[in-house]
Amino acid sequence: VQLQASGGGLVQAGGSLRLSCIASGTPFNVNGMDWYRQAPGKQRELVASVTNGGQINYADSVKGWFTASRGNAKNTVYLQMNSLKPEDTAVYYCNALIFSSGSSRDYWGQGTLVTVSS
């Protein structure tokens, strides 16, 4: 099982980006899917989490600007980022709790870089 994140890039402040993350591989069941980010010199932080039931939680710093969602197939998660600010610059990682081959564990995507210029 692997997670593949995409959609990062360079954008001016006030702009928007949409990140995508898809889980693929051997037969599996995906439970929660999350987005994290890590800015230079800072610890990785949770940005948004989406349960299979559709419950979504956001970090206070992104509420009202970012929108997370799951795809119909439940193996994808998206992050729509609007009104981006320079402080949103970070590597964004997707994370998923996945049941496969008889056990559950966390999987991480490779990260996608978001750079917001002022």
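Read on for an overview of the structure. (Residues numbered from 1 in each chain as written. Predicted model: local features only at pLDDT ≥ 70, side-chain atom pairs only at ≥ 80, totals over all residues. Heavy atoms only, no water.)

Within the secondary structure, Asp88 sits in the loop between strand 8 (76-81) and strand 9 (90-100). In this structure, Asp88 is in contact with Arg37, Phe66, Ser83, Val114 and Val116, ignoring residues within four places of it in sequence. (Helix = DSSP H or I, 4+ residues; strand = E, 2+ residues; numbered from the N terminus. Contact = heavy atoms within 4.5 Å.)

Moving on to the state of the cysteines. The full count for this structure, using the stated rule, is one disulfide. Across a sulfur-sulfur distance of 2.0 Å, Cys21 and Cys94 are joined as a disulfide pair. For the disulfide bridge between Cys21 and Cys94, the dihedral angle about the S-S bond is near 60 degrees, and by the sign convention the bridge is right-handed. Taken together, the positions of Cys21 in strand 3 (residues 17-24) and Cys94 in strand 9 put the pair 73 residues apart, joining distant regions of the chain. The two residues Cys21 and Cys94 agree in class, both being buried. (Disulfide = S-S within 2.5 Å. Buried < 20%, exposed > 50% of the residue type's maximum accessible area, 1.4 Å probe, protein only.)

Now for the pattern of salt bridges. The final tally for this structure, using the stated rule, is three salt bridges. Residue Arg37 is joined to Asp88 by a salt bridge in which the shortest nitrogen-to-oxygen separation is 2.9 Å. One end of the pair, Arg37, is in strand 4 (residues 29-38); the other, Asp88, is in the loop between strand 8 and strand 9, with 51 residues separating them in the sequence. In this pair, the class of Arg37 matches that of Asp88, namely buried. For Lys63, the salt bridge goes to Asp60, with nearest N and O atoms at 3.2 Å. Looking at Lys63, the relative accessible area reads 44%, which means it is partly exposed. The structure contains a network of salt bridges with shared partners spanning Arg37, Glu45 and Asp88. (Salt bridge = Lys/Arg side-chain N within 4 Å of Asp/Glu carboxyl O.)

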